[in-house]
Structure formats: structure tokens, C-alpha cells
Amino acid sequence: MTKYRMGGVAVAALAAWTLAAGAQAAGPKAEVMHWWTSSSESAAVRKFADAYRAAGGVWVDTAIAGADQAKAVAINRIVGGNPPTAAQFNTTKQFRDLIDQGSLNNVDDVALRDKWDQLLPGPMLDVIKVKGHYYALPVNIHMSTWIWYSKAAFKKAGITKEPATPDELFAALDKLKAAGLIGLAHGGQAWQENILFQAMLANVGGRELYLQVLRDRNPKALNSEAFKQVLVAFKRLQSYVDAGSPNRNWNDATAMLISGKAGVQIMGDWAKGEFSAARQSAGKDFGCIPGLGPQAPYLIQGDAFVFPKTSNADAVKAQKLLATTLLAPAAQLEFSKLKGSLPVRSDVDVSSMDACAQAGMAAMKDKARQVGMIEVYITPDQNGALQDVLTAFWNTRMPVEKAQKSIAAALLQD
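Throughout what follows, the structure given in this document is the object of discussion. If you're wondering where the values come from, they're calculated on a predicted model, not measured in any experiment.

## Considerations on the packing of aromatic side chains
1) Next: Throughout the structure, instances matching the rule amount to 17 aromatic pairs.
2) Next: On the basis of an interplanar angle of 80 degrees and a centroid distance of 6.2 Å, the ring pair of F197 and F227 is categorised as edge-to-face. Highlighted residues: F197 in helix α10 (residues 190-205) and F227 in helix α13 (residues 225-236), separated in sequence by 30 residues. Each member of the pair, F197 together with F227, is buried.
3) Next: Over the ring of F393 we find K235; its NZ or CZ atom is 4.9 Å from the centre of that ring.
4) Next: Note that R236 overlies the ring of F170, its terminal NZ or CZ placed 4.1 Å from the centroid.

## Brief notes about the sheet that holds strand β2 (residues 58-63)
1) Next: The strand order across the open sheet built from five strands is β2-β1-β3-β13-β6, with neighbouring strands paired in mixed fashion. At either end of the open sheet lies a strand with only one pairing partner, and these are β2 and β6 (136-138). Sheet twist, expressed as the average angle between the axes of neighbouring strands with direction ignored, equals 30 degrees.
2) Next: Packing of helix α3 (residues 67-79) onto the sheet brings it into contact with β1 (29-34) and β3 (86-90), and relative to β1 it is tilted by some 135 degrees.
3) Next: In the packing of helix α16 (residues 313-325) onto the sheet, contacts are made with β1, β2, β3 and β6, and the angle to β1 comes to roughly 60 degrees.

## Observations concerning helix α9 (residues 166-178)
1) Next: Taking 1.5 Å of rise per residue, 13 residues should cover 18 Å, and α9 covers 18 Å from first to last C-alpha, within 8% of that figure.
2) Next: Regarding α9, the residues found buried are P166, L169, F170, A172, L173 and L176. Across the axial projection of α9, the buried residues extend over an arc of 155 degrees, all falling on one side. Exposed residues lying more than 90 degrees from the buried face of α9 are D167 and A178.
3) Next: Contacts made by the buried residues of α9 are with β8 (146-150), α8 (151-157), β9 (182-184), α10, α13 and β10 (262-267).
4) Next: Immediately beyond the C-terminal end of α9, within one or two residues, lies G180, with a positive phi of roughly 85 degrees.

## Observations regarding the pattern of salt bridges
1) Next: Under the defined criterion, the tally for this structure stands at 17 salt bridges.
2) Next: A salt bridge links R215 to D216, with the shortest nitrogen-to-oxygen separation between them at 2.9 Å.
3) Next: Between K228 and E401 there is a salt bridge, and its shortest N-O distance comes to 3.2 Å. With a gap of 173 residues between them, K228 in helix α13 and E401 in helix α21 (residues 400-411) connect regions that are remote in the sequence.

## What to know about the pairing of β10
1) Next: The buried fraction of β10 amounts to six of the six residues, a majority that puts the element mostly inside the structure.
2) Next: Sheet topology places β8 next to β10; four bridges connect them, and they run antiparallel. Across the sheet, residue Y149 finds its bridge partner in β10, namely V264.
3) Next: Where β9 lies against β10, two bridges are found, and the strand directions are parallel.

Reading the values: the criteria
Residues numbered from 1 in each chain as written. Predicted model: local features only at pLDDT ≥ 70, side-chain atom pairs only at ≥ 80, totals over all residues. Heavy atoms only, no water. Phe/Tyr/Trp six-rings, centres within 6.5 Å; stacked < 30°, edge-to-face > 60°. Helix = DSSP H or I, 4+ residues; strand = E, 2+ residues; numbered from the N terminus. Buried < 20%, exposed > 50% of the residue type's maximum accessible area, 1.4 Å probe, protein only. Lys NZ or Arg CZ within 6 Å of the ring centre and 35° of its normal. Pairing = 2+ DSSP bridges. Axes fitted to C-alpha atoms, helices over the stretch in contact; angles between N-to-C directions. Contact = heavy atoms within 4.5 Å. Expected span 1.5 Å × (residues − 1). Arc of directions from axis to C-beta. Salt bridge = Lys/Arg side-chain N within 4 Å of Asp/Glu carboxyl O.

Take a look at the structure:
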């Protein structure tokens, strides 16, 4: 092979040309900021990255541990004029201020072309679609109030039927307690008590009361006897937790079901990752109940990407390619298998997913059951005030009447 010598200038010129040609050939570059840093989350987000690269794009991964920290960094960069191409938020009111301030690009053309209005759940469309424009890309569905149970614990307690009503759930908790087991595996943290409250509001109160309290913040509903009974049921759950509950992490509570020490946990579908890591199978080692009864509300939220404002043509192209590839059926399926979530598209075949995912998707088929989780309807300030009341009610001897009045005050604040 003949060798040629080239001067430094010629080498530099060739290198510059090669880099430019390579960048042009590589396609649109997207810096994607997210908080998926656990092993299962990292594996899941790689499926999205692979789909984007397969479509010709360049995925630049910016992972920041902790949702609050990641959102704060994203907002600071957007305000500071150095935004990522896309940033993760939840499908709640978290990014409404960015929309109102004109800090986000819309992806209307992609949403209309791909018929998002027909494919995506109504509670999510209500969050991402503002004044007719689509400002975020929902990528999955999480449900926060799944009722998980240990098959071994149920067997030891003599429970032969999966609870299908609130009364049956409390009867099962009584049997677990009588058998010397911990009825409810719970982490005594404010956000986890919020989940228990939502579960009781949805399953004891029902869909209409749930929406009247959270979406409408109706004073009559907030002060009703029906809502009082929801709070009574919420506080009743405390009688089934153990002394080690305060400040316990949610995954440590899940471990109590895995070991058979506890019978029930009310937690989001991210708990599936803990069962999977312990090599336990849905339907064999543990059960999962999406709601107590066939009409129980299915409380949905999820993860979404917003697209910070930019007029750079390449960045806009990258945003639209993300909006196209991350919502593709194959990417949706492969991501959700690893994330523990459901695909956000209603037309994805989930027959290859586990029994819990299939039960969740079956619930989602009934649009009357699709209801947003708490932060879809109330502001972060309102949620914080509510959470303070719930934690005080859970941990003290606060009368239920006082808790009810305090919750009404928290939710009716501006």
C-alpha cells in the first residue's frame, strides 16, 4: 500500500472536513435530560436512545439523579439560555409555568400527523395540550395506587380470594394481622401517605367523589359525609403497619412482601422492579390489583419530555424526531417492559408483558376508569399543603373532623 505524507494544514483541513461530513451524516443531535439513573431505568432509557439512533439521530444522554434536582437543572438551563433539546417532567402541572412563559416549543405537526388525540389518554392530553397546542411528549403511564400482595403471606393467613372491595381488603388485613404478619407494608414518608389517601379516595369514595374533591375542589364534596368516610378508611390503614414504618423507603416496604413478612403494599407500578429483581413472578409469587372492583378509577400519571424554546433548525428537527421515535409502538413496548410502566399509546400489543401490565392495560381500555392522579389536578403548593395535613392526621390523634376541615382549606387556597 502506497503511503503519502501530508502537511499539517492539509491534515487539519481533512480532519475538519471529516468531522463536518460525519456530523451531517449523523443526523439531528438531541441532548436529552432525564432522571432515570437506577439500573432498571437506565436499561429502559437505552431502548429510547437505540430507537432514536436507529432513526438517524444522535442521542446525547444527560442523566441527573433525583427528579427534583433534574427538573431544577432543566429550568435553570432554559431560563439561562442554554437549554437541552428535551427535558423530562411528569405529566402534571409541573411545566405549566414554562408554557405560560413561552419557554417551550410545540410539536403540533407531529401530534396531528400521528393522531395523538386518538392514541393518548384524556387526562394526559389535558396536561400537555394547552390552548390547542401540544407542548410535551408523554412516553409512559404509571399508576400510583396498585395494591400488591404476597401470595405466601395470604396463604399463611388463610386468604383464598383476592380482595375486590374495600371491605374485603380490610378483612384480608385483619386476617394477616391475626396470623402474626404485618398487614400493610408502609414507608412512613409524606408522599407515601399521600398515595394511601389517593387509594382510599378512589376505591372508597369512587370516581365522582375523587374528581369533585381534587379536580373541582367542590366545597360541598370536601365537607361531605362521604369524604369523611374516606378519611376514616385512610386512618384505619395505620392500624395494620408495624412500628418500623416511619421513614422507611418504599422499596424496603416492598421487600417485606417479597420475604413474606407482610401481606399488602399500596404503591405505584414501579414496585414491579423490586419483585423482578428478586426473581418473583406476577400471579405466582405476588398479586397485583389495579383497583377494588371493575369500575374503580385507574389513577394515571407518567413521564414526559418538554421541548425548550429554540429557533435553531437542527434542534427543532431533533425535537420532532424525538417526538416521532419515542412514541413508536416498538420503542414504547420495549421501554415499558423494563420501566415497569404501561405504553402510553392505546394501540400497543401488551401480550408479551407481565400479568400486571396486562391488567393495567385492560383497565385503561375503559375510558371511564381513566382518571388523573392527584398532581394532574392540583398545583404543587396545594399538594404540599394537603400532604402536610395528611401526615399530621396519620401520625397524631387529630380528629377526623379537623383533618377534613384542614384538607378543605388546603385545596381551596389559590
